[in-house]
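Chain by chain, the residues:
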Amino acid sequence: MNITFIFVVGFGVLFFCVVVATIIFNAKVGGSSQSAPWMRRVRQFQNDKENAGWRIQLIPYDDTSKPMFMSIGGILAAVPVLGGFGFIGGLALATYDHDKYKSLGLVVAVLSFVVVLGGSWVKERVARQDWDFAPGRCVDRELQKIWIQRGPDVSGGHWGWFWRIVCEYEYLGIRYRVTPEVYWTSFSSEDAALKFLAGRISPDGKCTLRVNPKNLLRTDLMEQRSKLEH
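Residues numbered from 1 in each chain as written. Predicted model: local features only at pLDDT ≥ 70, side-chain atom pairs only at ≥ 80, totals over all residues. Heavy atoms only, no water.

(A) Looking closely at the overall build of the protein chain. A tally of helices and strands in the protein chain yields six helices and five strands. Listing the helices and strands of the protein chain from first to last along the sequence gives α-α-α-α-β-β-β-α-β-β-α. Partitioning the intrachain contacts of the protein chain with sequence separation of at least 6 by distance along the chain shows that 61% fall at a separation of at least 24. Accessible surface computed for the protein chain: about 14800 Å², of which carbon and sulfur atoms make up 63%. (Helix = DSSP H or I, 4+ residues; strand = E, 2+ residues; numbered from the N terminus. Contact = heavy atoms within 4.5 Å. Areas by Shrake-Rupley, 256 points an atom, 1.4 Å probe, with all protein chains shown as cover.)

(B) How the structure looks around helix α2 (residues 37-51). Spanning 15 residues, α2 covers 21 Å between terminal C-alpha atoms, matching the ideal 21 Å at 1.5 Å per step. Taken together, the buried positions of α2 are Met39, Arg43, Gln46 and Asn51. Seen along its axis, α2 keeps its buried residues to an arc of 115°; they face one direction. Among the exposed residues of α2, those oriented more than 90 degrees off its buried face are Arg41, Phe45 and Lys49. Following α2 by one or two positions, Gly53 adopts a phi angle in the positive range, close to 85°. (Expected span 1.5 Å × (residues − 1). Buried < 20%, exposed > 50% of the residue type's maximum accessible area, 1.4 Å probe, protein only. Arc of directions from axis to C-beta.)

(C) Spatial organisation of the confidence of the model for the protein chain. Per-chain confidence: the protein chain averages 76 in pLDDT, with 53% of residues scoring 70 or above. For the stretch residues 71-79, pLDDT sits under 50, and the model shows 15 contacts to residues farther than four places along the chain or on other chains. (pLDDT = per-residue confidence, 0-100.)

(D) Looking closely at the state of the cysteines. Counting across every chain of the model gives zero disulfides. Unpaired in this structure, Cys138 has its nearest cysteine sulfur neighbour in Cys167, at a distance of 4.7 Å. The class of Cys138 is buried, set by a relative accessible area of 10%. No disulfide involves Cys207; its sulfur sits 3.9 Å from the nearest other cysteine sulfur, which is in Cys167. (Disulfide = S-S within 2.5 Å.)

(E) Representation of the packing of aromatic side chains. In the structure shown here, the tally under the stated rule is six aromatic pairs. Geometrically, the ring pair formed by Trp147 and Trp159 is edge-to-face, given 5.4 Å between the ring centres and 70° between the ring planes. Highlighted residues: Trp147 in strand β1 (residues 132-149) and Trp159 in strand β2 (residues 157-171), separated in sequence by 12 residues. Relative accessible area serves as the criterion here: at 46%, Trp159 is assigned to the partly exposed category. Look at Tyr169 and Tyr176: their rings are 5.5 Å apart centre to centre, the planes differ by 25°, and that puts the pair in the stacked class. Taken individually, Tyr169 and Tyr176 each receive the classification buried, so the pair is uniform in this respect. Through a chain of ring-to-ring contacts, the aromatic side chains of Tyr183, Trp184, Phe187 and Phe196 assemble into a single cluster. Positioned above the aromatic ring of Trp159, the side-chain terminus of Lys145 is 5.2 Å from the ring centre. Taking NZ or CZ as reference, Arg164 lies 4.3 Å from the ring centre of Trp54, over its face. (Phe/Tyr/Trp six-rings, centres within 6.5 Å; stacked < 30°, edge-to-face > 60°. Lys NZ or Arg CZ within 6 Å of the ring centre and 35° of its normal.)

(F) Representation of the side chain of Ser186 in the model. Structurally, the position occupied by Ser186 is in the loop between β3 (174-178) and α5 (190-198). For Ser186, the residues in contact, after removing those within four places along its chain, are Ile148, His158, Gly160, Trp161 and Phe162.

(G) Quick peek at the sheet that holds β3. With antiparallel pairing, five strands are arranged side by side in an open sheet as β3-β2-β1-β4-β5. In the strand order of this sheet, the two ends are held by β3 and β5 (215-222), each with one partner. Put simply, the sheet's adjacent strands are angled 40° from each other on average, direction ignored. Strand direction decides the pairing type here: β1 and strand β4 (residues 206-212), joined by six bridges, are antiparallel. Pairing of Pro135 across the sheet is with Thr208, part of β4. Contacting β1, β2 and β5, α5 runs over the sheet at an angle of about 15° to β2. (Pairing = 2+ DSSP bridges. Axes fitted to C-alpha atoms, helices over the stretch in contact; angles between N-to-C directions.)

Shown next as structure tokens:
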């Protein structure tokens, strides 16, 4: 009996259970017109985790009486999930002793990993392609160095630098105050983080925001609008 194969299959079953549980959870939260006490407790826990140690508190763009959830509905959203299953299946094939299966398994695992990353990127790009641009002004900012843990081993991880900023902008004559997403991942150093923000916020605080017209509190920090047009 191949112990590695059993381990990979077991991990695959666990991954499948997590996906199913996530779908059920999202359906329960999204399908409820009113928030239950357990939803408010979960949301409070999520808020505490998100804002722990930060002076700047995130300004939520969703229903604060319900837990945060990540929608995985739709064809594009399912691509990363399918890629995850393919990655696990490829690893399982690679554990066989036969060279043919090993090679096939490695190829499947690598391609599936690319699908996971590419599918997530494409999904976010498609979701944001109809967003508008609006001039804004950064009124507050905070930079923190945070330990990013990888796996259950506390020693496994690395340090990353993260920005949190507060911006104000007007849309159709109404002023909004938001905490836009600055970057999709962490920065490797303080200098890299400072250089990145300096390219997107002018010395007097002016900036460009990409705004979700269906949810005007959900925004991204972009390059200056004048740079985007060239």
